[in-house]
Amino acid sequence: MDEANRHISIDSFSLHYGDTDYDGVEFLRDRLDAEKRKALFAEAKAKGYTNFEDPSRRKKYTLICHENRSVLSERDEYTIVERKDETHGLGILGI
């Protein structure tokens with residue numbers, strides 16, 4: 001996973017992503033309808049994150065919500081990262 005050094009706004013959601021995560025951004029922005037996209041962001045906000053998959057590219061992603069507690073901004077920040085495997089980087093045994 002690379003640094004989330006890029007930023008885009010999708011439906012007024014502030015989304016950060018790394019160079020290798022752009023396919024997930026395209027999936028959210030271009031291939032999901034607005035209601036499904038809104039539901040993903042809402043679930044990420046409620047749980048702190050949500051997992052989803054782009055079935056056409058067979059890639060898995062996590063959308064992470066970073067609640068903004070700043071007085072200056074009421075918008076939460078989100079980060080999208082591609083998941084490479086089901087162990088979530090926990091090592092070969094998943095422990």
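These notes cover the structure that comes with them. (Residues numbered from 1 in each chain as written. Predicted model: local features only at pLDDT ≥ 70, side-chain atom pairs only at ≥ 80, totals over all residues. Heavy atoms only, no water.)

### Details of the overall build of the protein
Inference 1: Assigned secondary structure in the protein consists of two helices and five strands.
Inference 2: Listing each helix as α and each strand as β along the protein from the N terminus yields β-β-α-α-β-β-β.
Inference 3: Surface exposure of the protein reaches about 6,300 Å², of which carbon and sulfur atoms provide 52%. (Helix = DSSP H or I, 4+ residues; strand = E, 2+ residues; numbered from the N terminus. Areas by Shrake-Rupley, 256 points an atom, 1.4 Å probe, with all protein chains shown as cover.)

### As for helix α1 (residues 22–31)
Inference 1: Turning to α1, its buried residues number three or more, namely Gly24, Val25, Phe27 and Leu28. Here the buried residues of α1 occupy an arc of 160° about the axis, which is enough to place them on one side.
Inference 2: For α1, the secondary structure elements touched by its buried residues are β1 (6–10), β2 (13–17), α2 (34–47), β3 (49–54), β4 (59–66) and β5 (77–83). (Buried < 20%, exposed > 50% of the residue type's maximum accessible area, 1.4 Å probe, protein only. Arc of directions from axis to C-beta. Contact = heavy atoms within 4.5 Å.)

### Side note on the sheet that holds β2
Inference 1: Overall, mixed pairing links the five strands, which are arranged β1-β2-β5-β4-β3 in an open sheet. Edge positions in the open sheet fall to β1 and β3, since each of these has one partner strand only. Between one strand axis and the next, the sheet turns by 30° as a mean value, whatever way the strands run.
Inference 2: Across five bridges, the pairing between β1 and β2 is antiparallel. Across the sheet, residue Ile10 finds its bridge partner in β2, namely Phe13.
Inference 3: With respect to the sheet, α1 is in contact with β1, β2, β3, β4 and β5, its orientation differing from that of β3 by roughly 85°.
Inference 4: Across the sheet, α2 is in contact with β1, β2, β3, β4 and β5; its angle to β3 comes to roughly 145°. (Pairing = 2+ DSSP bridges. Axes fitted to C-alpha atoms, helices over the stretch in contact; angles between N-to-C directions.)

### A word on the environment of Asp21
Inference 1: Residue position: Asp21 is located in the loop between β2 and α1.
Inference 2: Residues Asp21 and Ile80, spaced 59 residues apart in sequence, show a C-alpha to C-alpha distance of 6.8 Å.

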